[in-house]
Amino acid sequence: MAKKSVGISWIEEPEKTCDDKNCPFHGTLSVRGILLEGILVKKKMNKTAVILHEYLVYIPKYKRYERRRRKIHAHLPPCVEVEVGDKVVIGECRPIAKTVSFVVLGKKKS
């Protein structure tokens, strides 16, 4: 299959190819909506990864920020090579499963 750009200039296409129809680079899945950063904590499911996303929320009463975290399930195409503990970028897409509405786009450049 031919490679296509996901429309985000700083995301590099992977060198490997795959035949996954839900791959944003080699399939028909489109990335739209928000982009998030997180740490890959699990990838034991078939083509699915768990990403830990940490963010800050402002509490006006105390005039301080509170740190929150959530785990997000994301589709992991076979062509994207990431390991547990890597910082990754995920993008929002259409719902793929009951809890999966994001796709892993690649490693975050440090």
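The notes below deal with the structure included here.

About the criteria used
- As a convention, each chain's residues are numbered from 1 in the sequence order in which they are written.
- Totals for whole chains, interfaces and linings use all residues, but because this is a predicted model, local features are given only for residues with pLDDT of at least 70 and pairs of side-chain atoms are given and counted only at 80 or more.
- The basis for the side-chain values is all heavy atoms of the structure; hydrogens and waters are excluded.
- The way it works is that DSSP assigns letters per residue, a run of H or I at least four long becomes a helix, a run of E at least two long becomes a strand, and they are numbered from the N terminus.
- Each residue gets one of three labels from its accessible area relative to the maximum for its type: buried under 20%, exposed over 50%, partly exposed in between, using a 1.4 Å probe on protein chains only.
- Two residues form a contact once any of their heavy atoms are found within 4.5 Å.
- Per-residue and other accessible areas follow the Shrake-Rupley method at a 1.4 Å probe size, with only the shown protein chains counted as cover for residues.
- All tallies of charge rest on Lys and Arg as positive and Asp and Glu as negative; His and the ends of each chain are not included.
- For charged residues, the charge sits on one atom: NZ in Lys, CZ in Arg, CG in Asp, CD in Glu.
- For the purposes of these results, a polar contact is taken to be a pair of N or O atoms within 3.5 Å, where, inside protein, one atom must be able to donate a hydrogen and its partner to accept one; residues adjacent in sequence count only when each atom of the pair is a side-chain atom.

A few words now on the overall build of the chain. The number of helices and strands found in the chain is zero helices and five strands. For the chain, the sequential pattern of α-helices and β-strands runs β-β-β-β-β. Within the chain, the proportion of its 110 residues that are buried is 39%. Long-range pairs, those at least 24 residues apart, make up 51% of the contacts in the chain between residues at least 6 apart in sequence. Total accessible area computed for the chain in this model is approximately 7,500 Å², and 50% of it derives from carbon and sulfur atoms. When the 23 basic and 12 acidic side-chain charges of the chain are each reduced to a single mean position, those positions are 9 Å apart.

Here we take up the side chain of His75. With respect to the secondary-structure elements, His75 resides in strand β3 (residues 64–75). The exposure class of His75 is buried, given its relative accessible area of 6%. Among the polar contacts made by the side chain of His75, one reaches the side chain of Asp20 at a distance of 2.7 Å. With residues up to four places along the chain from it excluded, the contact list for His75 reads Asp20, Asn22, Lys47, Thr48, Ile96, Val100, Phe102, Val103 and Val104.

All right, on to the environment of Ile96 then. You can see Ile96 is positioned in the loop between β4 (87–92) and β5 (100–107). Through-space distance from the C-alpha of Ile96 to that of His53 is 20 Å; in sequence the pair is 43 residues apart. Non-local contacts of Ile96, meaning those with residues more than four positions away in its chain, are made with Asn22, Leu29 and His75.

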